[in-house]
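Structural characterization, general
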Amino acid sequence: MQSKAPTIVRDIMSRDCYRVTGKTSVITLAQGLALHRLPGAPVVDDHDRLIGFISEQDVIGKLLESAYLDDEPPLVHELMRNEVLSVTPAKSITDLAQEMLGAKPKVYPVTEQGRLVGIVTRRDVLNAILRMRHS
């Protein structure tokens, strides 16, 4: 564990993060979100460029509908949001904490030059603030 308290997103982000492409089945997405205990995931292209975001909330209705109708489940690109709030690795944790107040996302993709380099969650920020208080 680090001896000094984290101050920027790079210090707390998960680098090996769950991500999907637009061609991913919503079933595969849902399984991945459950496995990684995430409320949503970044959507990337073949070059790891961030192109969208998809959450449990975005898919739960369609997943239920396809199960009920015994239809083929949709693909991520059909349900994803194209407008994505993301942060850079150099962003201050306290600034991000301020942004997270209210009805903001629980997961922020972390990007450098448009490429996904990690994710940061509310829980990561909360833990960082606790560490700041105790250092």
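What you see is a predicted model; the values in this text were computed from it and never measured.

**Considering helix H6 (residues 122-133)**
Taking 1.5 Å of rise per residue, twelve residues should cover 16 Å, and H6 covers 17 Å from first to last C-alpha, within 8% of that figure. Within the span of H6, buried status applies to Asp124, Val125 and Ala128. Looking down the long axis of H6, one finds its buried residues gathered within 95° of arc, a one-sided arrangement. Away from its buried face, by an angle of more than 90 degrees, H6 presents the exposed residues Arg123, Leu126 and Arg133. The secondary structure elements touched by the buried residues of H6 are helix H1 (9-12), helix H5 (93-99) and strand S5 (115-121).

**Some points on the confidence of the model for the protein**
When pLDDT is averaged along the protein, the result is 91, and 97% of the positions lie at 70 or above. Within the protein, strand S1 (residues 20-21) carries the highest mean pLDDT (97), whereas helix H3 (residues 56-69) carries the lowest (89).

**Quick look at the pairing of strand S2 (residues 40-44)**
Among the five residues in S2, five count as buried, and that is most of the element. With two bridges connecting them, S1 and S2 associate as parallel partners. Looking across to S2, one finds that Thr21 is bridged to Val44. Judged from the five bridges that link them, S2 and strand S3 (residues 50-55) form a sheet pairing that is antiparallel. Along S3, the bridge assignment pairs Val44 with Leu50. What sits between S2 and S3 in their antiparallel hairpin is a turn of five residues, with Asp48 showing a positive phi close to 65°.

**Describing the side chain of Ser66**
On the secondary structure map, Ser66 appears in helix H3. Not counting residues up to four positions away in its chain, the partners in contact with Ser66 are Asp71, Glu72 and Pro73.

**Examining H3**
Given a rise of 1.5 Å per residue, 14 residues ought to cover 20 Å, and the 20 Å separating the end C-alpha atoms of H3 matches this to within 8%. Backbone geometry just downstream of H3 places Asp70 in the positive-phi region, at approximately 55°.

**Some thoughts on the environment of Leu116**
With respect to the helices and strands, Leu116 occurs in strand S5. Accessibility expressed as a relative area gives 5% for Leu116, which makes it buried. Distance from Leu116 to Pro42, taken between C-alpha atoms, is 8.2 Å for residues 74 residues apart in sequence. In this structure Leu116 touches Cys17, Arg19, Pro42, Val44, Asp48, Pro109, Val110 and Thr111, once residues within four positions along its chain are discounted.

**Considerations on the nonpolar core**
In this structure, Tyr18, Val20, Leu29, Ile54 and Val76 are the most contacted members of the largest nonpolar core, which totals 19 residues. If we ignore the near neighbours within four places in the chain, the residues touching Val20 are Leu29, Pro42, Val43, Val44, Ile54 and Val76.

Calculation notes
- Residues numbered from 1 in each chain as written.
- Predicted model: local features only at pLDDT ≥ 70, side-chain atom pairs only at ≥ 80, totals over all residues.
- Heavy atoms only, no water.
- Helix = DSSP H or I, 4+ residues; strand = E, 2+ residues; numbered from the N terminus.
- Expected span 1.5 Å × (residues − 1).
- Buried < 20%, exposed > 50% of the residue type's maximum accessible area, 1.4 Å probe, protein only.
- Arc of directions from axis to C-beta.
- Contact = heavy atoms within 4.5 Å.
- pLDDT = per-residue confidence, 0-100.
- Pairing = 2+ DSSP bridges.
- Core = buried A, V, L, I, M, F, W, Y, C linked by side-chain atoms within 4.5 Å.

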